[in-house]
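Fold and geometry: a report
One letter stands for each residue in the lines below.
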Amino acid sequence: MTAYVDRDWRCHAGSRDLQLASTISPGGDVSPFLQRVRMIDEIDEAIRQLLARELPIRNSEIDIAFEMPKREWSARLSRPTLNLYLYDVRENVKMRQMTTAWESSSNGGTATSRRAPVRMDLYYMITAWATQPDDEHRLLGRLMQMMFRFPTLPEELMPESLRQLKLPVIM
């Protein structure tokens, strides 16, 4: 599995959208579908760690969620929350590579072909939830400042499967 992430901020229904483009390279004994699911979980966790570290969030004063923002969910919130809802996943056809990668064995006797990685766009709708609109605006402002301070996901937060690729994960 590989990942390459790109950014695109757009206004959407009073909230912010964050576009992340990720690359998935099938291989091993894990199905491509399960690799996509694992890749999304790994990206979510890396984003959660970056937010917790850089906003900064002291004493768990702000929750970070990856939930569909439904009425039932928002009714259960008890403190300020940043929610990153993954609402769309699709292949990035502009970054599609039609070439086949060839790997030779260490003894030079065999060669294996692999499909080029499939690059995926992950679209997150980012919303802030608090009792006062001013608090929501401050949360969103702090989040945007952090995103611009870190144009790429710091290497120490990247999952091992992404770190091995030696590709930046652009926010």
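Above this text you will find the structure in question.
Here we summarise the structure given alongside this text. (Residues numbered from 1 in each chain as written. Predicted model: local features only at pLDDT ≥ 70, side-chain atom pairs only at ≥ 80, totals over all residues. Heavy atoms only, no water.)

Here we look at the packing of aromatic side chains
- If you walk through the whole model with that rule in mind, you get three aromatic pairs.
- Plain terms: the ring middles of Phe66 and Tyr124 are 6.4 Å apart, the flat faces sit at 75° to each other, and that makes the pair edge-to-face. Of this pair, Phe66 sits in the loop between β3 (63-65) and α2 (71-75) while Tyr124 sits in strand β7 (residues 118-129), and the two are 58 residues apart along the sequence. Side by side, Phe66 and Tyr124 carry an identical accessibility label, which is buried. (Phe/Tyr/Trp six-rings, centres within 6.5 Å; stacked < 30°, edge-to-face > 60°. Helix = DSSP H or I, 4+ residues; strand = E, 2+ residues; numbered from the N terminus. Buried < 20%, exposed > 50% of the residue type's maximum accessible area, 1.4 Å probe, protein only.)

Focus on helix α3 (residues 133-149)
- If you check α3, its first and last C-alpha atoms are 24 Å apart, about what 17 residues at 1.5 Å a residue would give, namely 24 Å.
- Taken as a whole, α3 has its buried residues at Leu139, Leu140, Leu143, Met146 and Met147. Around the axis of α3, the buried residues are gathered within 125° of arc, so they sit on the same side. The outward face of α3, more than 90 degrees from its buried face, is lined by the exposed residues His137, Arg138 and Gln145. (Expected span 1.5 Å × (residues − 1). Arc of directions from axis to C-beta.)

Side note on the pattern of salt bridges
- Per the counting criterion, the structure on display carries seven salt bridges.
- Between Glu156 and Arg53 there is a salt bridge whose closest N-O contact spans 2.7 Å. Separated by 103 residues along the polypeptide, Glu156 in the loop between α3 and α4 (160-163) and Arg53 in helix α1 (residues 32-54) bring together distant segments of the chain.
- When the shortest N-O distance is used, the salt bridge between Asp88 and Arg90 registers 2.4 Å.
- What makes Arg90 partly exposed here is its relative accessible area of 45%.
- Each of the salt bridges in this network shares a partner with another, and the network as a whole consists of Arg53, Glu54, Arg149 and Glu156. (Salt bridge = Lys/Arg side-chain N within 4 Å of Asp/Glu carboxyl O.)

Side note on the side chain of Glu54
- With respect to the helices, strands and loops of the structure, Glu54 is situated in helix α1.
- In terms of polar contacts, Glu54 uses its side chain to reach the side chain of Arg53, at 2.7 Å.
- Sequence-distant contacts of Glu54, defined by excluding residues within four places in its chain, comprise Met146, Arg149 and Phe150. (Polar contact = N/O pair within 3.5 Å; in protein donor to acceptor, adjacent residues only side chain to side chain. Contact = heavy atoms within 4.5 Å.)

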